[in-house]
Amino acid sequence: MTDPNSWIPGWFTGQGAGLLYDEHNNPKPQYEALREVLRDAV
C-alpha cells in the first residue's frame, strides 16, 4: 500500500496518507522509526 491508495485522507481531511511508503513505493521516515521500535522490542 502506498500513499495514493490510502483511505485516510478521505476520512481525516488534512491528515496526510499515514502510510509507510510514498507514491513511488519508497519508505518514508516513519518506516525506519517503526522498524527501530520493533527491533528494540524483541
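Look up a bit, the structure's there.
Positions within a chain are numbered from 1, following the residues in the order the chain's sequence is written. Totals for whole chains, interfaces and linings use every residue, but because this is a predicted model, local features are given only for residues with pLDDT of at least 70 and side-chain atom pairs only at 80 or more, for both listing and counting. Hydrogens and water molecules were not included; the side-chain quantities draw on all heavy atoms of the structure.

## Here's the deal with the overall build of the chain
Here's step 1: The helix and strand inventory of the chain stands at two helices and zero strands.
Here's step 2: C-alpha extents for the chain along the principal axes are approximately 35 × 20 × 15 Å.
Here's step 3: Counting over 42 residues, the chain shows a buried share of 19%.
Here's step 4: Contacts are assigned to residue pairs with any non-hydrogen atoms lying within 4.5 Å of each other. Restricting to contacts in the chain with at least 6 residues of sequence separation, those with at least 24 account for 3%.
Here's step 5: For accessible areas, the Shrake-Rupley method is used with a probe of radius 1.4 Å. Any residue's cover is judged against the shown protein chains and nothing else. Split by element, the accessible area of the chain, about 3,600 Å² in all, is 57% carbon and sulfur. Think of it this way: any DSSP run of H or I at least four residues long counts as a helix, any run of E at least two long counts as a strand, and we number them from the N terminus. Exposure classes here rest on a 1.4 Å probe applied to the protein chains alone. A residue is buried below 20% of its type maximum, exposed above 50%, and partly exposed in between.

## Some points on the environment of proline 29
Here's step 1: Along the chain, the position of proline 29 falls in helix 2 (residues 29-40).
Here's step 2: Among the residues examined, proline 29 registers a relative accessible area of 66% and is labelled exposed.
Here's step 3: Once the C-alpha coordinates of proline 29 and glycine 14 are considered, the two residues, 15 residues apart in sequence, prove to be 19 Å apart.

## Details of the pattern of salt bridges
Here's step 1: Salt bridges are defined by distance alone: a side-chain nitrogen of Lys or Arg within 4 Å of a carboxyl oxygen of Asp or Glu. The final tally for this structure, using the stated rule, is one salt bridge.
Here's step 2: Its salt-bridge partner being glutamate 32, residue arginine 35 comes within 3.7 Å of it at the nearest N-O pair. Of this pair, arginine 35 and glutamate 32 both sit in helix 2, three residues apart, which is roughly one turn of the helix.
Here's step 3: Residue class for arginine 35 comes out partly exposed when judged on its relative accessible area of 43%.

## Some points on a nonpolar patch on the surface
Here's step 1: On the surface, Trp7, Trp11 and Phe12 cluster together to form a nonpolar patch covering roughly 450 Å² of accessible area.
Here's step 2: By secondary structure assignment, the location of tryptophan 7 is in the segment before helix 1 (8-11).
Here's step 3: The class of tryptophan 7 is exposed, set by a relative accessible area of 52%. Residues enter patches when their relative accessible area tops 30% and they take part in no salt bridge; the joining distance is 9 Å for like charges and 5 Å for the nonpolar side chains Val, Leu, Ile, Met, Phe, Trp and Tyr.

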